[in-house]
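Summary of the model geometry
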Amino acid sequence: NAGVTQTPKFQVLKTGQSMTLQCAQDMNHNSMYWYRQDPGMGLRLIYYSASEGTTDKGEVPNGYNVSRLNKREFSLRLESAAPSQTSVYFCASSEYGTGGLTGELFFGEGSRLTVL
Amino acid sequence: KQEVTQIPAALSVPEGENLVLNCSFTDSAIYNLQWFRQDPGKGLTSLLLIQSSQREQTSGRLNASLDKSSGRSTLYIAASQPGDSATYLCAAGANNLFFGTGTRLTVIP
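Residues numbered from 1 in each chain as written. Chains lettered and ligands numbered in written order. Predicted model: local features only at pLDDT ≥ 70, side-chain atom pairs only at ≥ 80, totals over all residues. Heavy atoms only, no water.

1. Describing the sheet that holds strand β1 (residues 4-7) of chain A
Strand pairing within a sheet occurs via backbone hydrogen bonds; the two strands may be parallel or antiparallel. Residue and element names in this part refer to chain A. With antiparallel pairing, four strands are arranged side by side in an open sheet as β1-β3-β8-β7. Both outer strands of the open sheet, β1 and β7 (64-68), are each paired with one neighbouring strand and no more. Averaged over all adjacent pairs, the angle separating strand axes in this sheet is 15 degrees, with direction ignored. When β7 meets strand β8 (residues 74-78), the two strands line up antiparallel, connected through five bridges. Note on β8: the bridge partner recorded for V66 is L76. (Pairing = 2+ DSSP bridges. Helix = DSSP H or I, 4+ residues; strand = E, 2+ residues; numbered from the N terminus. Axes fitted to C-alpha atoms, helices over the stretch in contact; angles between N-to-C directions.)

Rendered as structure tokens:
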């Protein structure tokens, strides 16, 4: 099993450009998440989807949009990239959906984004 | 908002030593506490998950404990090996997990 797969692994953008990060999981998990990791700040939740058809804001949602395309796929879109969005982005999934329990989190390998 | 703190930020030990990594959190109303390992340039690998009704979990040389009343968790690594060198992260929360900034462990051969 591949687990959680993210694409692309690396991307360089210019300020104002848009792009979409793709994430897919093959564990039949209900919940999916997007985090960003910055030096000295730990991982911070951007958006999450507790179940297919639902999405909610996390700690740092500004400048991002998400789409839960189906149970397997959860994409993150930057409409107008800014240098402050230079970061490493991680997608994760967990078994539980509604009820607020996260269950055990499984992560992808990360997408390293640089905005010039 | 849940605040998760990990001390120390970095730790170096000789091979074979037993060690303890610390994690503290401010809000004891958590559902889960999870420990992860992160190698440089890689994603996070789940090590142990402790649900709120549990006090500890064990996997091989790893043992994690949870004390909700004091807002603390510890990760015990027995007989450390150079391959254990990595950054160890803890995360705690209810609806969502909040992460600490990690402890970077170096095991010296």
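From this point, the narrative continues.
2. Topic: the interface of chain B and chain A
Listed as interface residues are 22 residues of chain B and, on the opposing side, 23 residues of chain A. Buried area between chain B and chain A, summed over both chains or domains, comes out near 1,700 Å², and the portion from carbon and sulfur atoms is 52%. Looking at the side of chain B facing chain A, the largest losses of area belong to L44, N96 and F99 of chain B, adding up to 26% of the total buried there. Taken together, chain B and chain A are joined by one salt bridge. In this structure, the salt-bridge partner of E59 of chain A is K1 of chain B, at a minimum N-O distance of 2.6 Å. When contributions to the side of chain B that touches chain A are tallied by element, the ones reaching two or more residues are β4 (32-38), β5 (44-51) and β10 (97-99) of chain B. (Contact = heavy atoms within 4.5 Å. Buried area = accessible area lost by both parts, 1.4 Å probe. Salt bridge = Lys/Arg side-chain N within 4 Å of Asp/Glu carboxyl O.)

3. Considering the layout of surface pockets
Of the pockets and cavities examined, the largest pocket occupies roughly 400 Å³. Taken together, 22 residues line the largest pocket, and the ones lying closest to its centre are Q37 and P39 of chain A together with Q38, T87 and T101 of chain B. Counting only elements with at least two residues in the lining of the largest pocket, the list comes to β4 (31-38) and β9 (87-94) of chain A together with β9 (86-93) of chain B. What the second largest pocket holds in volume is close to 190 Å³. Lining the second largest pocket we find M41, L43, R44 and E59 of chain A together with K1, Q2, E3, V4, F98, F99, G100 and T101 of chain B. Contributing elements (two or more residues each) for the lining of the second largest pocket: β5 (42-49) of chain A together with β10 of chain B. A class-by-class count of the residues in the lining of the second largest pocket yields five nonpolar, three polar and four charged. (1 Å grid on protein atoms, 1.4 Å probe; cavity = no way out; pocket = protein on both sides within 12 Å on 5 of 7 lines; lining within 4 Å. Points joined across faces, edges and corners; volume = space filled by probe spheres on them. Nonpolar A, V, L, I, M, F, W, Y, C, P; charged D, E, K, R; others polar.)

4. Examining the pairing of strand β3 (residues 19-25) of chain B
Residues and elements named next belong to chain B. Here β3 shows one buried face, formed by L19, L21, C23 and F25, and one open face, formed by V20, N22 and S24. Relative to β3, strand β1 (residues 4-7) runs antiparallel, the two sharing four bridges. Across the sheet, V4 pairs through a bridge with F25, a residue of β3. (Buried < 20%, exposed > 50% of the residue type's maximum accessible area, 1.4 Å probe, protein only.)

5. As for the sheet that holds β1 of chain B
Residue and element names in this part refer to chain B. With respect to topology, five strands assemble into an open sheet ordered β1-β3-β8-β7-β6, the strand pairing being antiparallel. Of all strands in the sheet, those bounded by a partner on one side alone are β1 and β6 (56-59). Averaged over all adjacent pairs, the angle separating strand axes in this sheet is 15 degrees, with direction ignored. Pairing analysis gives six bridges linking strand β7 (residues 62-67) to strand β8 (residues 72-77), with the strands arranged antiparallel.

6. Some thoughts on the packing of aromatic side chains
A full pass over the atoms with the stated rule returns nine aromatic pairs over all chains. With 6.3 Å between their ring centres and 20 degrees between their planes, Y33 of chain A and Y48 of chain A make a pair best called stacked. One end of the pair, Y33 of chain A, is in strand β4; the other, Y48 of chain A, is in strand β5, with 15 residues separating them in the sequence. In this pair, the class of Y33 of chain A matches that of Y48 of chain A, namely buried. For the ring pair F90 of chain A and F107 of chain A, a centre distance of 6.2 Å and an interplane angle of 80 degrees mean the geometry is edge-to-face. Here F90 of chain A, found in strand β9, pairs with F107 of chain A, found in strand β10 (residues 106-107); they are 17 residues apart in sequence, far enough to count as distant. For the residue pair F90 of chain A and F107 of chain A, the accessibility class agrees, reading buried in each case. An aromatic cluster is defined as three or more aromatic residues linked by ring pairs; in this entry it consists of Y33, Y35, Y48, F90 and F107 of chain A together with F36 and F99 of chain B. (Phe/Tyr/Trp six-rings, centres within 6.5 Å; stacked < 30°, edge-to-face > 60°.)

7. A few points about the environment of Y76 of chain B
Residues and elements named next belong to chain B. On the secondary structure map, Y76 appears in strand β8. The sequence separation of Y76 and L97 amounts to 21 residues, and the corresponding C-alpha distance is 21 Å. For Y76, the contacting residues outside a window of four places in its chain are N18, L19, V20, R61, L62 and N63. A distance of 3.4 Å separates the side chain of Y76 from the side chain of N18, its partner in a polar contact. (Polar contact = N/O pair within 3.5 Å; in protein donor to acceptor, adjacent residues only side chain to side chain.)

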